[in-house]
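# Architecture and fold: a report
Okay, here's what each chain looks like letter by letter:
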Amino acid sequence: PSAMREVYVEVPAVRWEDIGGQAKVQQKLRECIEWPLKHPESFARLGVRPPKGILLFGPPGCSKTLTARALATESGLNFIAVKGPELLNKYVGESERAVREIFRKARAASPSIVFFDEIDALSTSRSDNGGNSKHEGVLTTLLNEMDGVQELVGVVVVAATNRPDVIDSALMRPGRLDRILYVGPPDYEGRVEILRIRMRGMAVASDVDVEELARLTEGCSGAELTALCQDAALLTMKTDINAASVPQSAFVSAAASVRRQITPDILAHF
Ligand code: ATP
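What counts and how
Residues numbered from 1 in each chain as written. Predicted model: local features only at pLDDT ≥ 70, side-chain atom pairs only at ≥ 80, totals over all residues. Heavy atoms only, no water. pLDDT = per-residue confidence, 0-100. Helix = DSSP H or I, 4+ residues; strand = E, 2+ residues; numbered from the N terminus. Pairing = 2+ DSSP bridges. Contact = heavy atoms within 4.5 Å. Axes fitted to C-alpha atoms, helices over the stretch in contact; angles between N-to-C directions. Patch = residues over 30% accessible without salt bridge, like charges linked within 9 Å, V, L, I, M, F, W, Y side chains within 5 Å. Areas by Shrake-Rupley, 256 points an atom, 1.4 Å probe, with all protein chains shown as cover. Salt bridge = Lys/Arg side-chain N within 4 Å of Asp/Glu carboxyl O. Buried < 20%, exposed > 50% of the residue type's maximum accessible area, 1.4 Å probe, protein only. Core = buried A, V, L, I, M, F, W, Y, C linked by side-chain atoms within 4.5 Å. Disulfide = S-S within 2.5 Å. Phe/Tyr/Trp six-rings, centres within 6.5 Å; stacked < 30°, edge-to-face > 60°. Near = heavy atom within 4 Å. Polar contact = N/O pair within 3.5 Å; in protein donor to acceptor, adjacent residues only side chain to side chain. Nonpolar A, V, L, I, M, F, W, Y, C, P; charged D, E, K, R; others polar.

### Overview of the confidence of the model for the chain
On average, the chain scores 88 in pLDDT, and the residues at 70 or more come to 92%. When pLDDT is averaged over each element of the chain, helix H8 (residues 210-216) comes out on top at 98 and helix H5 (residues 126-129) at the bottom at 48. Under the prediction, the complex receives an ipTM of 0.96, its pTM being 0.89.

### Observations regarding the sheet that holds strand E6 (residues 177-182)
Taken in spatial order, the six strands line up as E1-E3-E4-E5-E2-E6 in an open sheet, and their pairing is mixed. The open sheet has two edge strands with one neighbour each: strand E1 (9-10) and E6. In this structure, E1 lies alongside strand E3 (residues 78-83), joined through two bridges in antiparallel fashion. Across the sheet, Glu 10 pairs through a bridge with Phe 79, a residue of E3. With respect to the sheet, helix H3 (residues 64-75) is in contact with E1, strand E2 (53-57), E3, strand E4 (112-117) and strand E5 (155-161), its orientation differing from that of E4 by roughly 175 degrees. Across the sheet, helix H4 (residues 94-108) touches E3, E4 and E5, and the angle it forms with E4 is around 150 degrees.

### Observations regarding the environment of Thr 65
In this structure, Thr 65 sits in helix H3. Along the sequence, Thr 65 and Thr 161 sit 96 residues apart, while their C-alpha atoms lie 9.9 Å from each other. Each residue touching Thr 65, except ones within four places of it in the same chain, is listed here: Phe 115 and Asp 117.

### Focus on a nonpolar patch on the surface
A cluster of nonpolar side chains, Leu 234, Met 237 and Ile 241, forms an exposed patch at the surface whose accessible area comes to about 300 Å². Counting through the fold element by element, Ile 241 comes out in the loop between helix H9 (222-239) and helix H10 (248-257). For Ile 241, a relative accessible area of 62% gives the class exposed.

### Description of the nonpolar core
Counting 28 residues, the largest nonpolar core has Leu 87, Ile 102, Phe 116, Ile 119, Leu 122, Leu 142 and Leu 171 as the members making the most contacts within it. Formed by 23 residues, the second largest nonpolar core is a distinct cluster that contains Val 14, Ile 19, Ile 33 and Ala 160.

### Things to note about the state of the cysteines
Structurally, a disulfide amounts to a covalent bond that connects the sulfur atoms of two cysteines. Applying the stated criterion to the full structure yields zero disulfides. Not part of a disulfide, Cys 62 finds its nearest cysteine sulfur in Cys 220, a span of 10 Å. Looking at Cys 62, the relative accessible area reads 4%, which means it is buried.

### Observations concerning unusual backbone geometry
Cis geometry marks the peptide bond from Ser 110 to Pro 111, where omega comes out at 5 degrees. Residue placement: Pro 111 occurs in the loop between H4 and E4. Although it is not a glycine, Glu 118 sits at a positive phi angle of roughly 50 degrees. We classify Glu 118 as partly exposed; its relative accessible area is 33%.

### A few points about the packing of aromatic side chains
Throughout the structure, instances matching the rule amount to five aromatic pairs. On the numbers, 5.2 Å between centres and 45 degrees between planes, the contact of Phe 57 with Tyr 182 is tilted. With Phe 57 in strand E2 and Tyr 182 in strand E6, this pair connects stretches of sequence that are 125 residues apart. Between Phe 79 and Phe 115 the ring centres are 5.9 Å apart and the planes differ by 25 degrees, which places this aromatic pair in the stacked class. With Phe 79 in strand E3 and Phe 115 in strand E4, the pair connects residues that are 36 residues apart, well separated along the chain. Accessibility assignment for this pair places Phe 79 and Phe 115 in one class, buried. Put simply, the rings of Phe 57, Tyr 182 and Phe 270 pair up and form one aromatic cluster.

### Brief notes about the site of the ligand
Near the ligand there are 16 residues, and of these Gly 20, Gly 61, Lys 64, Thr 65 and Asn 162 occur at the shortest range. The backbone of Gly 20 places a nitrogen or oxygen atom 2.9 Å from a nitrogen atom of the ligand. At a separation of 2.9 Å, an oxygen atom of the ligand approaches a polar side-chain atom of Asn 162. When isolated, the ligand has an accessible area of 630 Å², and the protein chains bury 78% of it. Every element with two or more residues in the shell around the ligand is listed here: H3, helix H7 (188-199) and H9. Class assignment for the residues of the shell around the ligand results in six nonpolar, seven polar and three charged.

If you want it as structure tokens, here you go:
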């Protein structure tokens, strides 16, 4: 019996328009994933090899996962998501089997994306986990699969991490995760976009001023802005369970108490 939950091939429903403030990241991903799949003959003609893998890095809650899902939706790719730590808590040998199984499914579902969230968990960096040989076996299997004993046609690996500093350098060699993209916290314009996206499905009062809220939420991640909208609605209900819409004052109160996880200290690591 496998300790690994079943790996599912999914077709996500996230669109680019559901993600605020990451236009550059989106453009880059289209170039390196969508183009090679849609125009392989152009790459062949010009003699360039499309990237096999991409690493998305950046602070938590800033849309790495969302971006990988939208990429699959928008490029018409099947999607297989795995969290790095999930691969490790297994009996000896089972993690390696799980990795091979993931790639087998990805090939069968090609064109597809295999998304490894928290890829840093597979790092073998000595200082971080004492060179745990169990991790090493998983990483080696992953590298073998990426190097394609069997050619990885139509399978792209997208990995994500909050800790680029501990990623094993073997993963970053050419032909593996050979593109690196920073997915950072939203700037003012990005926050305006994210708040607008979040308010799409909400009943917001006519006095709501998204620009003011974006100014009040400097340093917030997309995940925090999402939580803020939720909090504002709950605050409104607390005052009046029959309220017809969420007023600016509730958003402002929620903004005042939202916890900012991305401190300047954390940001300095990126
Ligand atoms: P982690 O490193 O913690 O896994 P992440 O960078 O992968 O974080 P996501 O899981 O993509 O972040 O984001 C968490 C949630 O926050 C999303 O499901 C979404 O609701 C919201 N969110 C984050 N960034 C954005 C954004 N740019 N636009 C819209 N929603 C966002």
